[in-house]
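Residue-level listing of the chains:
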Amino acid sequence: MAALIPLRRRPDGAMPGERHSASPDDAADTADTADTAEDGVPDVRRASWVLPIAPSSTSRARRLVRATLRDWAGSVDGETPEVAELLVSELIANVLRHGRGEPVLTLLLQGGVLRCEVEDEARVPVRIRDTSPDEEESGRGLLIVESLSRSWGVCATSRGKAVWFELAVRC
């Protein structure tokens, strides 16, 4: 099984202007691409959307992830779709609360690894909050991302920063 190496740059290399805006019914209109290996089997699948700065973007991101992974069903199974939905919604919520600009959600499936990335225009570094059980309920999103993903991180982009996580996928 090939592994996806965490990248310092965006995995798709696309600029924000090359993405499609996410409308409520655009699950079938994703920016989905697949590179074909020599044996004719798709090697890479990618989908990306620009989401509005609105509370509804969290639920919209979950629907987009669910629909896209359902379309990629031959490549994605098990609990991966539900975990990806949860973690993406945490990252989108963080951008809406602490970030700047429209969040850009990108999904990349390659070599048995699903990489989900949320980019925004803020250059402020993210960190896991140190919370005690007695503290308020908010502030645990990155702890959830850390505990449920195979790996995660933050990288600088030309726009600001991207927070990403990876999940192993049974193919």
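Above this text you will find the structure in question.
First, a word on scope: everything that follows refers to the structure included in this document. The shown structure was predicted, so the numbers you read here are calculated from the model rather than taken from an experiment.

### A short note on the pairing of strand β5 (residues 113–120)
- Most of β5 is tucked away: 8 of the 8 residues are buried.
- Going residue by residue along β5, you find Val113, Arg115, Glu117 and Glu119 tucked away on one face and Leu114, Cys116, Val118 and Asp120 tucked away on the opposite face as well.
- Here 7 bridges tie strand β4 (residues 104–110) to β5, and the two strands are oriented antiparallel to one another. Its bridge partner lying in β5, Thr106 is registered against Glu117.
- Hairpin connection, β4 to β5: the antiparallel pair is bridged by 2 residues, and Gly111 has positive phi, about 55°.
- By the bridge criterion, 8 bridges tie β5 to strand β7 (residues 161–168) in an arrangement that is antiparallel. In the sheet register, Cys116 faces β7, and the bridge partner there is Phe165.

### Considerations on the environment of Val104
- Here Val104 lies in strand β4.
- The exposure class assigned to Val104 is buried, which follows from its relative accessible area of 1%.
- With 12 residues separating them in the primary sequence, Val104 and Ile92 have C-alpha atoms 8.9 Å apart.

### A closer look at the nonpolar core
- Core analysis: the biggest nonpolar cluster contains 28 residues, and Trp72, Val88, Leu105, Leu107, Leu114 and Phe165 have the highest contact counts within it.
- When contributions to this core are tallied by element, the ones reaching two or more residues are β3 (42–50), α1 (56–71), α2 (80–98), β4, β5, α3 (141–148) and β7.
- By residue number, the principal contributor to this core is α2, which donates 7 residues.
- Sequence-distant contacts of Leu105, defined by excluding residues within four places in its chain, comprise Ala47, Ser48, Trp49, Leu51, Ala61, Val65, Val88, Glu117 and Val118.

### What about the pattern of salt bridges?
- Throughout the structure, instances matching the rule amount to 6 salt bridges.
- Of the charged contacts in the structure, one is a salt bridge between Glu166 and Arg115, with a shortest N-O distance of 3.3 Å. Of the two residues, Glu166 sits in strand β7 while Arg115 sits in strand β5, which places them 51 residues apart along the sequence.
- Using a relative accessible area of 1% as the deciding quantity, one classes Glu166 as buried.
- Classification of Arg115 by relative accessible area gives buried; the value is 1%.

### Here we look at the packing of aromatic side chains
- Taken as a whole and assessed by the stated rule, the structure comprises 0 aromatic pairs.
- Geometry around Trp164 places Arg115 over its ring, the cationic atom sitting 4.2 Å from the centre.

Cut-off values and rules
Residues numbered from 1 in each chain as written. Predicted model: local features only at pLDDT ≥ 70, side-chain atom pairs only at ≥ 80, totals over all residues. Heavy atoms only, no water. Buried < 20%, exposed > 50% of the residue type's maximum accessible area, 1.4 Å probe, protein only. Helix = DSSP H or I, 4+ residues; strand = E, 2+ residues; numbered from the N terminus. Pairing = 2+ DSSP bridges. Core = buried A, V, L, I, M, F, W, Y, C linked by side-chain atoms within 4.5 Å. Contact = heavy atoms within 4.5 Å. Salt bridge = Lys/Arg side-chain N within 4 Å of Asp/Glu carboxyl O. Phe/Tyr/Trp six-rings, centres within 6.5 Å; stacked < 30°, edge-to-face > 60°. Lys NZ or Arg CZ within 6 Å of the ring centre and 35° of its normal.

That's the geometry; what it means functionally is another story.
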